Amino acid sequence: MASPSPSEGGFDATVPAPLEDGQYKNDSLEDQTLLLLAGLMEAGQEDEHTCRQLSALTKILNDEASEETRSKEPHRPLCSLIDADSVETILAYLDMRQAPEVRGFATLTTSAYLKAAGDKGVEYLSQFFYSRVRKATYDDFILAFSVAASIFPIVPDITAELFLSEGFVPSLGSLMKRKWKSKKVEQAALEMLNAACMNTPCREAVKKYCTEWLEEIVNFVPPTHADVSSPERHEVVEDGSIQQRIHSEPVRNLAAVVLAKLQAVPSAPTPGQEERIQPATTSMEELSDMFKNMLSSEDSQQSSIEGLAYASLQPNVKEKLAADTKFLKKLIKALNEAPAKSPATYGALSILVNLTSYSPHLTEEQKRIGQLKAYANAAKDPSKQNPLSDDEHVAKRCQAVFEAGVIPVLVTHSQHGSTASLGLVVSIVFSLSKTPKIRGQMAQQGAIKLLLHAYSVFPSDNVPAHRTTAHALARILITTNPLHIFGGSNPLSMTSAIRPLILLLSDDPTTEQRDLLPVFESLLALTNLASTDDTARNPIIRLAFPQIEELLLSNNKMVTRATVELICNLMQSPEGVAKFADGSKQASQRMHILLALTDSEDFETRRAAGGGLASLTEWDTAVNAILERDRGVHLLLGLCKEDSEELRHRGVVCVLNLLTAPGKVGEWGIKKVREEGGVDALKECLKKSRAQEVLEITVEALKKLLGDEKPSNGQKQLE
């Protein structure tokens, strides 16, 4: 289990310990260090005083390790003052029998010392560990195991070397299989094994030599104390705990967690290894049931969450947990009550990530590469996933998690959690956002606020986190009315959502092959925002028009369609019109592309292009740009002859705008439309159309062509 955080005990290890009665005030840095070490060696101190001394020593060591903070006064290297006895004193405070606050501060001090001392620190650490194990008393075992458990996350490679030293792991089984044993030793050993599972070789060693013992702890529960009655049961061992055959509840819970970790991560497929490693007889489903029952107990909740974080990696366990509404509500309640930046918070979020994560969609090339690797390693083909991991099953699990009330709790945790836990929060929201029917409710419950906050606090170099956040935001904004989320009494600004969405229009530098789904969904979200007013349209035009312009030429018809639809909405702004009609060469080229898209094979693309041109041709400069194109009028008349009423409507609006442009532009428009067979095209439109509005516009355009009216001055003019 993870060492407790010092901050939870009311002390801040980053702040130097306050000086008491002038203590150390006038001493040199060397004297301060020696006095602190001497103070730590004194027995019988209050825990608070010990924590302050450890905190002060940690700061001195951290300052010494940095050029910026190192004292300018001449002094010996402070690490040289810490001899083997001093190291033993510091490590003794990692004993599991110490108060959690003391262990937390001792962990920070040990970390600072090992960082500053280098090889000498490793030498002292190894001497301490091996000497305690050789003594082989219960008290020494407890201390050695406690130290190993605490320092595994700090120096995993060094601790793994100690753990894998010849004969150590195999001896654990025989030690723990004694008829009478100390429950404290068992617990210390299990905490060490739990930490060791983070390292692959260590995990394999635990699986090989300790599985049988772990199974025995989990499965053997004497019904009463009478089953183990004996005069020996009342004898006391070195650490003061009663020798017994009954495994305490914390020990059983911890053993179950270790078993879950062993089963969750499969062994490397090394030939011949399978026969040597003991197979677990307790299934992951049985372990997960045990963890579920433990969740309600405050004493065992942390073990429950840690075990489920591993058990829920398996598809059948995911399905079982998600189908249990009571369990989901208990889990979310536990998450809601867990302190920020605590192991319980991170573990609960990990479970929810496992339940809601979709399998990545592989391209054919990626599938082939995976098959070749699997064949080379004699492993299972990764492209053949478990049916319970398909999108349909994951979507149901996401729905269940959402209905259990997870979003408000995630919003709360996003404000105070660590960057790592915030990444898990965003992953959960991202998975939930794939379900369109709950996006509106997610927005109402604060998901957009959560995502905008996360985007602003993730480090700039964390590209995957930024892109995942932006993609979740895009999905929710596709189907949510922006006016319900931004503006009014809501402090959220619509422009704050634009930059994250624009990020998705660029290539992802962390992947080899471009995924167009985020691009497509970002375009849809931007189109929705651009449907509001110019306060949204103009920032999009200023910040993203080069990317938008490039996407018009995409080989993917869905991306092209979404881009044209976005441009259609941007045309409602004079800045959008200017991009196509300011008389520049670039504007002329853009107009050429937009006109060409009215002849696209894709109906929705033709419709969007027609809508954009209908807005554009309200401006005289845009009309002039169309008339300058050789096929401009021809393409607009082609819209008038389409079988779709929607396309004919857009076509006749464009043609009427050409005919009614002011001055010489309008005269030129009448001339070109006549020359391109406009009368026949409009007559055909009349025959096909049924909508009153289309008929009226077509008749008006025909009158213009037949000379019944002169050009008007109703056209807009672009400054």
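These numbers were taken from a predicted model, which means no experiment stands behind them.

**Student:** Any chance you could break down the overall build of the chain for me, citing the residues and the numbers?
**Tutor:** On a plain count of helices and strands, the chain comes out with 38 helices and two strands. Looking at the chain as a whole, 50% of its 719 residues qualify as buried. For the chain, restricting intrachain contacts to residue pairs at least 6 apart in sequence, the fraction spanning at least 24 positions comes to 73%. Of the roughly 33,600 Å² of accessible surface on the chain, a fraction of 51% belongs to carbon and sulfur atoms.

**Student:** Give me the lowdown on the environment of L553, citing residues and values where you can.
**Tutor:** Checked against the element boundaries, L553 lands in the loop between α28 (534–551) and α29 (557–570). A C-alpha to C-alpha distance of 8.4 Å links L553 and I593, two positions 40 residues apart in sequence.

**Student:** Quick rundown of the packing of helix α33 (residues 620–628) against helix α36 (residues 663–675)? Include the residues and the values.
**Tutor:** Axis separation between α33 and α36 bottoms out at 10 Å; the angle between their running directions is 35°. The crossing of α33 and α36 is left-handed. The segment α33 lies against α36, with D620, V623, N624, L627 and E628 engaging V665, W668, G669 and K672. The class makeup of the residues in the contact of α33 with α36 is four nonpolar, two polar and three charged.

**Student:** Tell me about the packing of aromatic side chains, and please be specific about residues and values.
**Tutor:** Following the criterion strictly, the structure yields seven aromatic pairs and no others. Aromatic pair F129 and Y130: ring centres 6.0 Å apart, planes at 70°, arrangement edge-to-face. Residue classification places Y130 among the partly exposed positions, given a relative accessible area of 30%. Aromatic pair F163 and F168: ring centres 5.8 Å apart, planes at 75°, arrangement edge-to-face.

**Student:** Mind laying out the nonpolar core, listing which residues take part and the relevant values?
**Tutor:** Membership of the largest hydrophobic core comes to 216 residues, with the highest contact counts inside it found for F145, F163, L193, L214, L410, I448 and F486. With near-sequence residues (within four places) excluded, L193 lies in contact with F163, L172, V206, C210, W213, L214 and V258.

**Student:** Could you give an account of the confidence of the model for the chain, naming the residues involved and the relevant values?
**Tutor:** Across the chain, the average pLDDT comes to 84, with 84% of residues at 70 or higher. The model gives residues 1–26 a pLDDT under 50, and that stretch makes 42 contacts with residues more than four places away or in other chains.

**Student:** Quick one: what's the story with unusual backbone geometry, residue by residue and with numbers?
**Tutor:** Of note, A136 is a non-glycine position whose phi angle comes to about 60°, a positive value. Take A136: it is sitting in the loop between α5 (119–135) and α6 (138–151). The exposure class of A136 is partly exposed, given its relative accessible area of 38%. Positive phi values are uncommon outside glycine, yet K341 reaches one of about 60°. Mapped onto the elements, K341 comes out in the loop between α16 (325–337) and α17 (343–356). A residue is classified by how much of its surface remains accessible, and K341, at 59% relative accessible area, is exposed.

Analysis parameters
- Residues numbered from 1 in each chain as written.
- Predicted model: local features only at pLDDT ≥ 70, side-chain atom pairs only at ≥ 80, totals over all residues.
- Heavy atoms only, no water.
- Helix = DSSP H or I, 4+ residues; strand = E, 2+ residues; numbered from the N terminus.
- Buried < 20%, exposed > 50% of the residue type's maximum accessible area, 1.4 Å probe, protein only.
- Contact = heavy atoms within 4.5 Å.
- Areas by Shrake-Rupley, 256 points an atom, 1.4 Å probe, with all protein chains shown as cover.
- Axes fitted to C-alpha atoms, helices over the stretch in contact; angles between N-to-C directions.
- Left-handed = near helix turned anticlockwise from the far one by under 90°.
- Nonpolar A, V, L, I, M, F, W, Y, C, P; charged D, E, K, R; others polar.
- Phe/Tyr/Trp six-rings, centres within 6.5 Å; stacked < 30°, edge-to-face > 60°.
- Core = buried A, V, L, I, M, F, W, Y, C linked by side-chain atoms within 4.5 Å.
- pLDDT = per-residue confidence, 0-100.

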